[in-house]
Amino acid sequence: MRFLLALALFSGLLVCGPASAEKLVSTLSDDAVEITSNFTGSNITVFGAVDGAKSASGERDYEVAIVVAGPQMPLVVRRKGQVAGIWINTASREFYNVPSFYVIHMSENLNDAASQQLLARYKLDFADLGFSRDASYTPQDEAFAKALVELKKQKELFVKRGDAVTFLAPNVFRTTFHLPSAIPVGTYHVSVFLFRHEELVAAEVQSLLVEKSGFSDRIARFSTEQPLLYGLFAVMVAVFTGWMAGIIFRRN
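Residues numbered from 1 in each chain as written. Predicted model: local features only at pLDDT ≥ 70, side-chain atom pairs only at ≥ 80, totals over all residues. Heavy atoms only, no water.

### Details of the nonpolar core
This is how the line gets drawn: To qualify as a nonpolar core, a set must consist of buried Ala, Val, Leu, Ile, Met, Phe, Trp, Tyr and Cys residues joined through side-chain atoms within 4.5 Å. Only protein chains enter the area calculation, which uses a 1.4 Å probe; residues under 20% of their type maximum are buried, those over 50% are exposed, and those in between are partly exposed. Helix and strand assignments follow DSSP, with helices taken as H or I runs no shorter than four residues and strands as E runs no shorter than two, numbered in order from the N terminus. In this description, contact between two residues means that some pair of their heavy atoms is separated by no more than 4.5 Å.
With 28 residues, the main nonpolar core has Phe177, Ile183 and Leu208 as its most contacted residues. At the level of secondary structure, the elements contributing two or more residues to this core comprise β1 (23-28), β2 (32-35), β3 (42-51), β4 (63-69), β10 (172-179), β11 (186-196) and β12 (199-212). No other element matches β11, which puts four residues into this core. Once you skip the residues sitting within four places of it in the chain, Ile183 turns out to touch Ile35, Phe39, Phe101, Leu157, Tyr188 and Val210. Counting 26 residues, the second largest nonpolar core, distinct from the first, contains Ala65, Val67, Val77 and Val98.

### Here's the deal with the environment of Val149
As for its position among the elements, Val149 is in helix α5 (residues 139-154). Residue Val149 is classed as buried on the basis of its relative accessible area of 8%. Between the C-alpha atoms of Val149 and Phe126, which are 23 residues apart in sequence, the distance is 7.3 Å.

### As for the pairing of β1
Side-chain direction in a regular strand flips from residue to residue, so the side chains alternate between the two faces of the sheet. Note the threshold: Strand pairing requires that DSSP identify at least two bridges connecting the strands.
A large share of β1 lies buried, amounting to five of its six residues. Both β1 and β3 contribute to a ladder of six bridges, which runs antiparallel. Bridge pairing in β3 links Leu28 to Val46.

### What about the side chain of Lys152?
To be explicit about the condition: A positive count includes Lys and Arg, and a negative count includes Asp and Glu. His and the chain ends are not counted in either. Within this document, salt bridges are pairs made up of a side-chain nitrogen of Lys or Arg and a carboxyl oxygen of Asp or Glu, the two lying within 4 Å of each other. Distance and chemistry together define a polar contact, namely a pair of N or O atoms within 3.5 Å, with one atom able to donate a hydrogen and the other to accept it when in protein, and with adjacent residues in sequence counting only for side-chain atoms on both sides.
Considering the arrangement of structural elements, one finds Lys152 in helix α5. Here Lys152 sits buried without a salt bridge, and the closest side chain of opposite charge, Glu156, lies 13 Å off (N-O distance). There is a polar contact of 3.4 Å between the side chain of Lys152 and the backbone oxygen of Ser100. When neighbours within four sequence positions are excluded, Lys152 is seen to be in contact with Leu75, Val98, Pro99, Ser100, Leu157 and Phe158.

By themselves, these observations are geometric and do not establish any function.
Okay, here's the thing in C-alpha cells:
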C-alpha cells in the first residue's frame with residue numbers, strides 16, 4: 001500500500017505546476033522490519049521527488065545522496081600477532097559512536113564530481129565518520145579504523161554505491177538498499193540529501209524500526225528480564241538433552 005501511495009504521489013508531482021519553492025518529498029516502502037528466526041534479510045526502497053523543481057533547460061540538474069545509519073555502539077578492534085610461536089592479541093583500539101550499519105547511495109554524477117569538502121560535510125564517505133576522524137591522530141589508530149571499516153564491509157554492514165540512486169524523471173528518483181541478516185535491532189535513520197551544483201537544496205530524515213518478533217524475541221526478552229530463570233532453564237535443557245542422547249545411543 002505504501003508503495004502504491006508513493007507512486008501516486010510522485011506521478012502527481014510530475015504533472016503539477018510550478019511551486020513557490022523547491023520541496024523534497026520522500027518515503028520508504030516499509031517503515032518497520034521484523035526479524036524472525038528465519039530472517040534472511042530484507043530490501044527497502046526509498047522514493048523521492050522534488051516539488052517545484054527548477055530547471056532552465058528541462059533536463060535534470062539535481063543530484064541525490066541517501067544515507068542509512070543504524071544505532072551507534074562502542075567497538076574494540078584487536079590485532080593478532082605471533083609471540084613465541086603462538087598467535088595472540090598483541091594490540092587493541094576501542095572506538096566509540098561506531099554506526100552498526102552505514103549505507104551510502106549516491107547518484108552517478110554526484111559520485112563522480114563530489115568534492116572532498118562535500119563528502120566530509122555530509123558524511124558521505126566512511127573516512128568522514130566520527131570514529132575515523134578521531135582515529136586519524138596517529139598512524140596506528142588510523143590503521144585500526146581502516147581495519148574496522150573493512151570488517152564491516154565484509155559483513156555488508158558498511159556499503160557505498162556511487163550509481164545506486166536512479167532518476168525516473170528529472171525530479172523523481174528512487175533507490176533500494178539491502179538489510180542483511182546480521183543487522184542489529186534498533187532505530188535506523190534514512191537521510192535524503194538533494195543537491196544542485198554541490199549546494200544543498202533540501203534534506204529529509206525518516207526513521208526505520210528494526211525489531212525482533214516471534215519466538216526468538218520472546219526468548220531474548222526472557223533472558224534479559226529473568227536472567228536467573230533463563231540460566232536455570234538452559235541448564236535443565238542441556239541436562240535433559242544429554243540424558244536423552246545417552247539413552248538413544250546407549251550400546252548394550
